[in-house]
Amino acid sequence: MPSTDSPDVLIRGGTVVDETGSRPADVLIRDGAIAAVGPNLDAGDANAVTLDAAGCAVSPGLVDLHTHLREPGREEAETVETGSRAAALGGYTAVIAMPNTDPPIDSASVVRQVLDLGVTALCEVRVAGAITVGRAGTQLAPMAEMAALGVKLFTDDGTGVQDARLMRRALEYASALNVTLAQHCEDESLAAGGQMHEGEWSSRLGLPGTPAEAEELMVGRDLALCRLTGTPVHFLHLSTAGSIELVRQAKAAGLPVTAEAAPHHFTLTDADVAGYDPVFKVNPPLRTATDVAAVKAGLADGTLDAIATDHAPHPQEAKEAPFDQAPPGMVGLETALGLAITELALPIGAILALLSWQPARIAGLTGQHGSPLVEGAPANLCVIDPALTWLVEPSTMATKSRNCPYAGRKLTGRVRHTILRGEPVVIDGEAQR
Amino acid sequence: MTQPRHLLSITDLGAEGIQDVMRLTDSFVEVSERAIPKVPALRGKTVVSLFFEDSTRTRLSFETAAKRLSADTMNFSVSTSSVKKGESLRDTVETIEAMGVDAMVVRHSGAGVPWQVAAWSRGSSVINAGDGWHEHPTQALLDCYTIRQQRQSLEGLRIAIVGDIRHSRVARSDVLAFSALGASVTLVAPPTLLPPSLAGWPAEVSHDLDEVAPKCDVVYLLRLQRERMQEALLPSLREYTATYGLTRARARLLKDDALIMHPGPVNRGVEIAAEVADRPNSVITRQVANGVAVRMAVLFLLIGSGVDLAVH
């Protein structure tokens, strides 16, 4: 909700980058909305906050399709508040909270609970609802009830819906609701027990592996179900060259599918598991260099529509277990943008497309987030210094958890300011509340 | 001779390190044959066994080795410990180390745990006594020593490792050790009991033991876990024995002087026929006997004073 008595904000000296292109311009924000975009703007108000954007890109705020905020139920790992602060520091103005909480987000009441917690958060918090009750894969969750509260994305993330007939029914049922079903693609019977990518490294390290085909089987199945039902499908965190090729072909054939990839799948490989540090355990697992190259190619050619963090906080003690007993997942909200700028050989506009307006569209947030910077648009923005070099230091992160695999890594590109509904929630890399 | 801090993988030693251990072992074999098989080499040192997985044989072998070197020994096993009360692995390791130990001998069902323990340890040495399907370096060292005892050297020998390679920490360490010492290794197993990838393994693969048996100098049989049938890796024990077991008939294909080895415990009648296990060329009990001397050598190498065995 726009705060009507807040001071004006002037973002001065930057280059506006949005879906329509890029141009040097100042941005004036008043009453939660963009009041003017143009050269040499004047604040016009003595109390106005001026944010320096020299050398920076001024962009629609980033949108994360895949965040585990852990609340309710796992508050020792993350809360809506701490997770949203991490998001704001990462340039996000909106995140989609995944439903694998305790209790899971599989009913209107839990949706309301999380949305209520999000009211005071440092970014907009939307939720993804579960496709099945308890994410158990046996009975449809009340999707219409949740959709009535604004839920646009449904998934059993953490697991895929294993039963093909149930998934078909879910797609058919959802087609009346103007929502998108998102799948964590993993055939459990083939993946069973896997602790890392199955291949050269799992064989050498003596860890049970999950073959790439466990993901590809379900991607293939869901493409068939998408064809059968005509309902859009979004593929979460695709990690294999084979999956990306399947989606590429499906898009060429005109199927209504979208797909995302996580930063760790274009920056790390299964060889990173060699030291047995469970910080490198994630699901889908880190794959081979060939898969990393395929993810990068998919992001470059439009096969993959979005970079999504799969931010998955875990308390330190959970990650100090034996590798095969540690939970999968890594934090990612505060490093995604830097990793994308550092590791992807793409222009800043293409990177922002993957991090902002394309995911905003998949999340059904267009008009609120990811929109071009024009007069009257909601002021959900971030200001990025694409040349700033910094070292990743997990102990200083805003997330409650420390399971970051990039400690000590040098990244280029960082968020300077984040503006949520006109309020500067991050100024010069510091959260304001 | 360099003094490594930990023994986690055979690759920590390399060919030269393995030879060092074997030379040291020679001295300790001699000690073990004395009327009073005990030397003061590790007097005042403390060795703790951290066994998160049952293993009477390996634990006793390390304990005997430590005692023969006059070290104090402590024993930590999961059934009697606070791990059952939910203490984390890291807390367990830090608590035990705080008591002042010089070496931790770690056995765990999870691959990689000795690496984690080594990363958390402040000053003590960590010895991998078997981690999941991954490695069992002291087993490989005693296997090398046993072969060397019979054949002087492993250089140029043909060694077949037969059975459940996929789930075997013994096989992973043996392949590395045997090949480092110049032997050529052939893995003989049904495809379901091989690792998904053998890229980078210094070994050949065969599915035909009858074809391999006449050519090898050593046939090393692995224990077959009975639960493999439930995982659809094998149709039946009977079929496994018929195709990959060292049956009496198949043993006749072996060279007269071919050594028969097994890390124990033996499933008589499954991977090896009872009579074959008892043949003169079977060195299975030799392996056990050498295990103590090899572990004495490893303990001495890691936490000994560093001076060259002035102990006898």
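Since we're looking at a predicted model, the values are computed, not measured.

Our next topic: the overall build of chain A. Check the secondary structure of chain A and you find 12 helices and 21 strands. Taken over C-alpha atoms, the radius of gyration comes to 21 Å for chain A, in line with the 22 Å a tight globule of 433 residues would show. A principal-axis box enclosing the C-alpha atoms of chain A has dimensions of 65 × 45 × 40 Å. For chain A, with 433 residues in total, the buried portion stands at 58%. Taking contacts inside chain A between residues at least 6 apart in sequence as the whole, the part at least 24 apart equals 75%.

All names here are of chain A. Spatially, 4 strands are ordered β5-β4-β1-β6 in an open sheet, and the strand pairing comes out mixed. The sheet is open, and its two borders are formed by β5 (33-38) and β6 (49-52), each paired with just one other strand. Put simply, the sheet's adjacent strands are angled 20 degrees from each other on average, direction ignored.

By size, the foremost hydrophobic cluster in this structure holds 232 residues, and its most contacted members are Val58 and Phe154 of chain A together with Ile161, Val162, Val219 and Leu299 of chain B. Among the elements that take part in this core, helix α11 (residues 284-303) of chain B stands out by supplying 10 residues, more than any other. Filtering out sequence-adjacent residues up to four positions away, Val58 of chain A remains in contact with Ile11, Gly14, Thr15, Val16, Val17, Val27, Ala53, Leu373, Leu381 and Val383 of chain A.

All names here are of chain A. Along strand β19 (residues 410-420), 9 of the 11 residues are buried, which leaves the element largely enclosed by surrounding structure. Here 8 bridges tie strand β18 (residues 381-391) to β19, and the two strands are oriented antiparallel to one another. Paired with Cys382 across the strands is Thr418, a residue of β19. Pairing between β19 and strand β20 (residues 423-427): 3 bridges, direction antiparallel. Its bridge partner being in β20, Thr418 is matched across the sheet by Val426. A loop of 2 residues connects β19 with β20, the two strands running antiparallel in sequence, and Arg421 in this loop sits at a positive phi of about 45 degrees.

Attention now goes to the interface of chain B and chain A. Listed as interface residues are 21 residues of chain B and, on the opposing side, 19 residues of chain A. Mapped onto the side of chain B that touches chain A, the elements with two or more residues apiece are α3 (89-98), α4 (113-120) and α6 (169-180) of chain B. If you tally residues by element for the side of chain B that touches chain A, the top one is α4 of chain B, at 3 residues. Partitioned by chemical class, the residues of the side of chain B that touches chain A number 9 nonpolar, 9 polar and 3 charged.

Our focus in this paragraph is helix α12 (residues 348-362) of chain A. Residues and elements named next belong to chain A. Between its first and last C-alpha atoms α12 spans 20 Å; for 15 residues at 1.5 Å apiece the expected length is 21 Å, and the two agree. When the local axis directions of α12 are compared, the greatest deviation, roughly 45 degrees, occurs at Leu354. In terms of burial, α12 is a largely internal element, 11 of the 15 residues being buried. Among all positions in α12, only Ile351, Leu352, Ala353, Leu354, Leu355, Ser356, Trp357, Gln358, Pro359, Ala360 and Ile362 are buried. Count one or two residues on from α12 and you reach Gly364, which has phi positive near 70 degrees.

As a further point, take the pairing of strand β2 (residues 72-77) of chain B. Residues and elements named next belong to chain B. As paired strands, strand β1 (residues 46-51) and β2 are joined by 6 bridges and run parallel to one another. If you follow Thr46 over to β2, its bridge partner there is Asp72. Read from β1 through helix α2 (residues 56-68) to β2, the crossover connection turns out right-handed.

All names here are of chain B. What the 5 strands build is an open sheet, ordered β7-β6-β5-β8-β9; its pairing is parallel. The open sheet has two edge strands with one neighbour each: β7 (204-206) and β9 (259-261). Across the sheet, the axes of successive neighbouring strands diverge by a mean angle of 20 degrees, strand direction being ignored. With 3 bridges joining them, strand β6 (residues 184-188) and β7 adopt parallel strand pairing.

Take the domain arrangement of chain A next. Residues and elements named next belong to chain A. Examined at the domain level, chain A breaks down into domain 1 (9-58 + 374-431) and domain 2 (61-362). Here domain 1 and domain 2 have C-alpha centroids that lie 26 Å from each other. Each side of the interface is counted separately: domain 1 has 30 residues, and domain 2 has 40 residues. Of all elements in the fold, only β18, β19 and β20 reach the threshold of two or more residues within the side of domain 1 that touches domain 2. Of the residues forming the side of domain 1 that touches domain 2, the biggest block, 7 residues, is contributed by β19. Grouping the constituent residues of the side of domain 1 that touches domain 2 by class yields 18 nonpolar, 8 polar and 4 charged.

The next thing to look at is unusual backbone geometry. In this model, Asn283 of chain A is joined to Pro284 of chain A through a cis peptide bond whose omega is 0 degrees. In this structure, Pro284 of chain A sits in the loop between β16 (257-261) and α9 (289-301). A cis amide bond links Gly264 of chain B with the next residue in sequence, Pro265 of chain B, at an omega value of -10 degrees. Inspection of the secondary structure puts Pro265 of chain B in the loop between β9 and α10 (274-277). Within the chain, His237 of chain A stands out as a residue other than glycine whose phi angle is a positive 25 degrees. Along the chain, His237 of chain A turns up in the loop between β15 (233-235) and α8 (241-252).

So, on to the domain arrangement of chain B. Much of the literature gives interface size as the accessible area that the parts lose upon coming together. Residues and elements named next belong to chain B. By domain assignment, chain B separates into domain 1 (10-136 + 288-303) and domain 2 (137-287). Placing the centre of domain 1 and that of domain 2 at their C-alpha centroids yields a distance of 25 Å. On the side of domain 2, 24 residues touch domain 1, which itself brings 25 residues to the contact. Of all the secondary structure elements, the ones that give two or more residues to the side of domain 1 that touches domain 2 are α1 (14-32), β4 (125-131) and α11. Here the side of domain 1 that touches domain 2 gets 7 residues from one element, more than from any other, and that element is α11. Tallied by class, residues from the side of domain 1 that touches domain 2 come to 11 nonpolar, 10 polar and 4 charged.

Thresholds, definitions, all that
Residues numbered from 1 in each chain as written. Chains lettered and ligands numbered in written order. Predicted model: local features only at pLDDT ≥ 70, side-chain atom pairs only at ≥ 80, totals over all residues. Helix = DSSP H or I, 4+ residues; strand = E, 2+ residues; numbered from the N terminus. Rg over C-alpha atoms; globule rule 2.2 N^0.38 Å. Buried ≥ 20, exposed ≤ 12 C-beta atoms within 10 Å, placed from the backbone. Contact = placed C-beta atoms within 7 Å. Pairing = 2+ DSSP bridges. Axes fitted to C-alpha atoms, helices over the stretch in contact; angles between N-to-C directions. Core = buried A, V, L, I, M, F, W, Y, C linked by C-beta atoms within 7 Å. Nonpolar A, V, L, I, M, F, W, Y, C, P; charged D, E, K, R; others polar. Expected span 1.5 Å × (residues − 1). Bend = angle between axes of the 7 residues up to and from the residue. Right-handed = clockwise from strand over helix to strand, strands pointing away. Domains from an automatic or database assignment.

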